[in-house]
Every structure is written in C-alpha cells, then in structure tokens.
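Coordinate inspection notes
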Amino acid sequence: MKETDRYVRYVLLLLAAMCTMNLADRQILSVLVPLIKADLQLTDTEVGALSGTAFAIIYATVGIPIARWADRGNRVAIASWGLALWSAMTAFSGLVGSYLQLLLARMGVALGESGSTPTAHSLISDYLPPARRAAAIAAYSLGIPLGTTVGLLVGGWVGQFYGWRTAFFVLGLPGLALALLLRLTVREPARTTDDGRLVGTTPQPPWRDGVRALFGNRAFRHLAFAGGLLSFQANAGGAWIPSLLFRDHGMSLGEVGTGIANASLIAGLAGAGLGGWLGTTVGARDRRWLAWLPGAAMAIGAPFWILGLYAGNPYLALFGFLGPAVAENVYFGPVNSLLQGMVMPGLRAFSSALLLLCINLIGLGGGPLVVGWLSDRLGGSTVPGSLRVALLVAPVVCLWSAFHYWMAGRCIAAEMRSAS
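**Things to note about the side chain of R106**
- With respect to the helices, strands and loops of the structure, R106 is situated in helix α4 (residues 99-113).
- Despite its burial, R106 remains without a salt bridge, the nearest opposite charge being carried by E113 at 6.2 Å.
- For R106, the residues in contact, after removing those within four places along its chain, are D25, R26, L29, L50, F55, S93 and F168.

**As for the packing of aromatic side chains**
- The full count for this structure, using the stated rule, is 9 aromatic pairs.
- Residues W305 and F321 carry aromatic rings whose centres are separated by 5.5 Å and whose planes lie at 70° to one another, so their mutual orientation is edge-to-face. Here F321 lies in helix α14 (residues 314-329) and W305 lies in helix α13 (residues 289-310), a separation of 16 residues in the sequence.
- Overall, W305 belongs to the buried group, its relative accessible area being 2%.
- Its guanidinium or amino end placed over the ring of Y7, R187 lies 4.0 Å from that ring's centre, counting from NZ or CZ.
- Positioned above the aromatic ring of Y310, the side-chain terminus of R388 is 5.6 Å from the ring centre.

**Details of empty space enclosed by the protein**
- The full count for this structure, using the stated rule, is 2 cavities of 30 Å³ or more.
- By volume, the second largest cavity amounts to about 30 Å³.
- What lines the second largest cavity is V8, V11, L12, L15, L123, I124, Y127 and L128.
- Broken down by secondary-structure element, the contributors of at least two residues to the lining of the second largest cavity are α1 (2-40) and α5 (116-127).
- Top contributing element to the lining of the second largest cavity by residue count: α1, with 4 residues.

**Notes on the nonpolar core**
- Judged by nonpolar contacts, the single largest core of 116 residues is most densely connected at L15 and I36.
- A per-element tally of this core places α1 first, with 18 residues.
- The contact partners of L15, leaving out residues within four places of it in the chain, are A120, L123, I124, Y140 and L182.

**Topic: the side chain of N235**
- Structurally, N235 can be placed in helix α11 (residues 218-248).
- Among all residues touching N235, those that are not within four sequence positions of it are G363, L364 and P368.

**Some points on the pattern of salt bridges**
- In total, this model carries 8 salt bridges according to the counting rule given.
- Measuring nitrogen to oxygen at the nearest pair gives 3.7 Å for the salt bridge that ties R388 to D248. Taken together, the positions of R388 in helix α17 (residues 386-390) and D248 in helix α11 put the pair 140 residues apart, joining distant regions of the chain.
- Look at R388 and you get buried, because its relative accessible area is 17%.
- Judged by its relative accessible area of 26%, D248 is partly exposed.
- The network of salt bridges with common partners includes K37, D44 and R247.

**As for the environment of S141**
- Assignment of secondary structure puts S141 in helix α6 (residues 130-141).
- With relative accessibility at 1%, the residue S141 sits in the buried group.
- Between the alpha carbons of S141 and Q160 there is a distance of 29 Å; along the sequence they are 19 residues apart.

**Focus: the environment of D376**
- Mapped onto the secondary structure, D376 falls in helix α16 (residues 348-377).
- When the C-alpha atoms of D376 and L214 are compared, they prove to be 38 Å apart, with 162 residues separating the residues in sequence.
- Filtering out sequence-adjacent residues up to four positions away, D376 remains in contact with T43, D44 and T45.
- Side-chain polar atoms of D376 contact the backbone nitrogen of D44, separated by 3.4 Å.

**As for a nonpolar patch on the surface**
- The grouping of I300, F304, L307, L316 and F319 at the surface amounts to a nonpolar patch, some 430 Å² of accessible area in total.
- Among the elements that make up the nonpolar patch, the one with the highest residue count is α13 (3 residues).
- By secondary structure assignment, the location of I300 is in helix α13.

**Let's talk about the packing of helix α8 (residues 164-172) against helix α9 (residues 174-185)**
- In the contact formed by α8 and α9, the axes pass within 5 Å of each other and the chain directions differ by 15°. Classed by the angle they form, the pair α8 and α9 counts as roughly parallel. In this structure, α8 uses V170, L171 and G172 to contact α9, whose residues at the interface are P174, G175 and L176.
- Counted by class, the contact of α8 with α9 contains 4 nonpolar, 2 polar and no charged residues.

Cut-offs applied
Residues numbered from 1 in each chain as written. Predicted model: local features only at pLDDT ≥ 70, side-chain atom pairs only at ≥ 80, totals over all residues. Heavy atoms only, no water. Helix = DSSP H or I, 4+ residues; strand = E, 2+ residues; numbered from the N terminus. Buried < 20%, exposed > 50% of the residue type's maximum accessible area, 1.4 Å probe, protein only. Lys, Arg positive; Asp, Glu negative; His and termini not counted. Salt bridge = Lys/Arg side-chain N within 4 Å of Asp/Glu carboxyl O. Contact = heavy atoms within 4.5 Å. Phe/Tyr/Trp six-rings, centres within 6.5 Å; stacked < 30°, edge-to-face > 60°. Lys NZ or Arg CZ within 6 Å of the ring centre and 35° of its normal. 1 Å grid on protein atoms, 1.4 Å probe; cavity = no way out; pocket = protein on both sides within 12 Å on 5 of 7 lines; lining within 4 Å. Points joined across faces, edges and corners; volume = space filled by probe spheres on them. Core = buried A, V, L, I, M, F, W, Y, C linked by side-chain atoms within 4.5 Å. Polar contact = N/O pair within 3.5 Å; in protein donor to acceptor, adjacent residues only side chain to side chain. Patch = residues over 30% accessible without salt bridge, like charges linked within 9 Å, V, L, I, M, F, W, Y side chains within 5 Å. Areas by Shrake-Rupley, 256 points an atom, 1.4 Å probe, with all protein chains shown as cover. Axes fitted to C-alpha atoms, helices over the stretch in contact; angles between N-to-C directions. Parallel < 35°, antiparallel > 145°, perpendicular 65-115°, else oblique. Nonpolar A, V, L, I, M, F, W, Y, C, P; charged D, E, K, R; others polar.

Encoded structure:
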C-alpha cells in the first residue's frame with residue numbers, strides 16, 4: 001500500500017539521519033586536530049590513537065554483544081539509546097581538560113555508535129524484501145557522506161571562530177532530539193525470512209554457530225579482509241588529509257572543512273548511489289558482481305591517491321582525493337546486501353557486527369595510528385612533507401583490498417557451481 005511505502009520511506013529517512021549523526025560526531029575530530037593538538041600538546045601518534053585505535057577497540061568489540069541483543073530484542077529502542085549516548089558523549093568532549101579525558105569521551109562515543117549500523121541493517125532487512133535491500137542500504141549509507149560533510153563544516157567553521165570545545169557542543173546536542181523522535185515514531189517490525197515467512201519465537205542460534213558459519217565461508221573471509229583494507233585507507237585519509245591540507249598547503253581550518261566536506265559529499269553521493277544502482281541491476285543477475293563492483297572501484301581509485309598527495313595546489317589535491325573517496329563508498333549497498341542474504345534472520349545484526357569488527361579493527365584501529373606513527377618517525381609536523389610520505393601506504397592498501405574483493409567473487413562463483 002502507498003501508506004505503507006510512505007512509512008517505510010520515513011523510517012529509512014530517520015535511519016539515514018541517525019547514520020548522518022554517527023559520522024558527523026565521529027568525523028568532527030579530524031578537522032579539529034590542529035586546535036586540539038596545540039591545546040593539549042599531543043603528538044601525531046597520540047592523535048592517531050585518539051582518532052582510530054581507542055575508538056575502534058570499543059566500537060568493534062562492543063558491537064558484537066549489542067548485535068546479539070538486537071537480533072532478539074527491540075532494535076528501535078537499542079538504536080535510540082545508542083544515539084542518545086553517543087550524542088551526549090560528543091557534547092561532553094567539549095568539557096574535557098586532558099588527553100585522557102578526551103580519550104574516554106571518544107570511547108563513550110564509540111560505545112554508543114557500536115550497535116547502530118548492525119541494528120539499522122537488520123531493521124531494513126525486515127522492512128524490505130531482498131530485491132530492494134541493496135538500494136535501501138545504499139540510501140541509508142548516504143548518511144556517511146552527509147555526516148562527514150556536516151562534521152567537517154561544523155568543526156571547521158565553528159572551531160575556527162568559536163573554538164574546538166564549542167564545536168563539540170553544537171554537533172552533539174541535536175542528536176538527543178533525534179533519538180527521542182526515533183524512539184517515539186518508529187515501530188519495531190516483525191522478523192521474517194527472505195521468502196516472507198514470519199520467524200516468530202524461533203530460538204536465536206548460538207553465536208558460535210554464527211561465527212563458525214560466517215568464517216567457514218571463504219567468500220566472507222575475503223569480504224571481511226577486503227573491507228578492513230578499504231577502511232584502513234579511508235580512515236587514514238579521513239584522519240590525516242585535513243592536517244595535510246593545513247600543514248602543507250596553508251589552508252585555514254574553515255577552508256579545510258569546507259573543501260573536504262564538499263569533496264566528501266560529492267564522492268559519497270556518487271559512490272553510494274552508483275553502488276546501490278549497480279548492486280540492484282547487475283548484482284541481481286549475478287551475485288558475484290556484488291563483490292567485484294567494490295573491488296573494481298578500489299583498483300580505479302588507487303592512482304588518484306598519488307595525484308592528491310603530490311598535487312601542486314590544494315584544489316588539485318582535493319580533486320585527486322575524490323577518486324578513492326568515490327571508490328570507498330561503492331561497497332555499502334552491494335556488500336551489505338550480499339551479507340544479509342548469506343545468513344538466517346536471527347543472525348542478521350550479528351553478521352553485520354562481525355563484518356564491522358573485522359573492518360574497524362583493521363581499518364579504524366590501524367589506519368590513523370599507522371599513518372600518525374609513520375609521520376612521527378619522519379619528523380612529524382616539524383618536517384614538511386612527512387605526512388605526505390606516510391600517506392603513501394594508502395594506494396598500496398587500495399590495490400590489496402581490490403584483490404580480496406576479486407577473490408570473494410571467485411569464491412561465490414565456486415559456491416554457485418557447487419549448489420548447481
């Protein structure tokens with residue numbers, strides 16, 4: 001019915017808004033790094049741990065038990081409380097007086113955010129049939145570039161004129177209102193199988209069975225490692241490209257925020273839209289392309305890293321960074337749609353959390369920290385070009401990720417031959 005379709009679109013809109021706040025509250029730190037670093041006297045390695053490792057450890061590991069809870073409990077309530085928690089902790093980040101306090105506040109943000117994506121994927125899978133999931137998850141994932149844009153713009157301009165503490169307040173508080181709206185207006189859907197049958201009160205499969213089933217699947221192993229490598233270069237760039245433009249190209253904080261925000265928005269809309277469209281059309285005919293599409297995108301994006309890093313002016317650099325930014329957004333619809341079809345309904349949120357565990361421990365945990373450590377070994381902010389050289393690890397990781405996506409497609413092909 002049309003009314004039902006309108007309601008589903010409304011739910012998707014709220015979930016995309018939640019995803020937007022998720023990324024905005026996470027990404028704001030990157031553009032505020034120069035101010036925070038000067039105020040709290042931090043090294044690049046400490047910033048890398050703050051931006052990635054400490055956040056990733058909480059985000060990835062706590063996501064597993066929250067996802068198990070979401071697979072049997074009220075997913076709308078879980079998502080709402082998580083959103084309220086991370087929004088409050090973002091605002092609290094503006095009150096800290098030391099590196100340790102800021103580290104703990106960011107870990108609180110990670111705790112709140114850890115269950116949002118698996119819970120949202122599970123909700124979408126029960127609101128929509130399999131044929132429409134790739135496009136729906138891609139639409140939800142548009143919150144990633146939108147949130148990155150909001151975080152960079154608020155952080156850049158509010159930070160430049162009113163200070164980094166105020167920027168955290170401005171971005172954190174609206175999430176509390178969104179959490180209340182989500183809790184009061186979204187209904188918990190019935191859990192169904194892919195052929196439309198109600199799951200009812202079927203006992204939840206033991207988590208060990210889920211781990212065994214997923215990691216026993218060669219395609220999943222390649223998808224998890226490919227996603228981790230994709231996340232490594234994406235989070236390395238997200239954490240350090242603002243500082244690169246600030247240090248090596250002399251851009252102001254507001255200019256950095258605006259430039260990267262515009263580039264991220266264009267790349268995110270193009271990448272997620274392309275992935276959702278191709279995943280629904282090409283992927284619906286041949287499941288292998290749900291893995292090959294992001295692999296091809298990563299291979300194409302790798303050379304653009306070199307252009308961005310060695311461009312003679314900041315605008316050409318931003319154009320270069322568009323390539324990998326588009327590529328890293330292609331995977332959301334195809335890969336998550338493929339994953340949701342690989343497991344039974346009682347393991348949907350858990351499977352997303354397990355994939356995110358791999359992605360974030362490798363990518364979010366490693367990318368910012370490794371680049372920050374390499375930059376410090378090369379002289380840090382006192383040596384021009386040190387950060388540029390440290391970021392050269394990113395295009396290599398792009399090609400490595402593409403290889404594993406290609407292998408995942410081959411494993412799916414082998415499974416299809418075995419089934420037939």
